[in-house]
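Residue-level structure breakdown
The lines below spell out each chain.
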Amino acid sequence: MSLPKFILGDNTEFPNAIYVIHTEFPRFIINLENDEVEWFEDFDAEDQSELETETENAIKEATEFYDNEVAKYDE
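This one's a predicted model, so the numbers in the text were calculated from it and none came from an experiment.

1. Description of the confidence of the model for the protein
- The share of residues in the protein with pLDDT of 70 or more is 99%, and the mean pLDDT across the chain is 88.
- Looking across the protein, the model is least confident in helix H1 (residues 48-74), with a mean pLDDT of 85, and most confident in strand E2 (residues 19-22), with 96.

2. Focus: the environment of glutamate 41
- Position of glutamate 41 among the secondary structure elements: in the loop between strand E4 (36-39) and H1.
- With 16 residues separating them along the chain, glutamate 41 and phenylalanine 25 place their C-alpha atoms 8.1 Å apart.
- Not counting the four nearest positions on each side in its chain, glutamate 41 is found in contact with Phe25, Pro26 and Arg27.
- Within the structure, the side chain of glutamate 41 is placed 2.8 Å from the side chain of arginine 27, a separation counted as a polar contact.

Thresholds applied
- Residues numbered from 1 in each chain as written.
- Predicted model: local features only at pLDDT ≥ 70, side-chain atom pairs only at ≥ 80, totals over all residues.
- Heavy atoms only, no water.
- pLDDT = per-residue confidence, 0-100.
- Helix = DSSP H or I, 4+ residues; strand = E, 2+ residues; numbered from the N terminus.
- Contact = heavy atoms within 4.5 Å.
- Polar contact = N/O pair within 3.5 Å; in protein donor to acceptor, adjacent residues only side chain to side chain.

Okay, here's the thing in structure tokens:
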């Protein structure tokens, strides 16, 4: 199965939370309400510098994805 890079998610138990799921490495869910990130990967010390760069880019892309999706609803 082919998945999109980003998926929007929500849950009625957390009505104010807005989730973006990143399906590529490094896989994570970010809650845009509070910028909390939950990782689906295990990282070691060797991954740290690459992870910092990849994380910054992926979170920026996740936020842009959300903004673009919401803009489509407003059209």
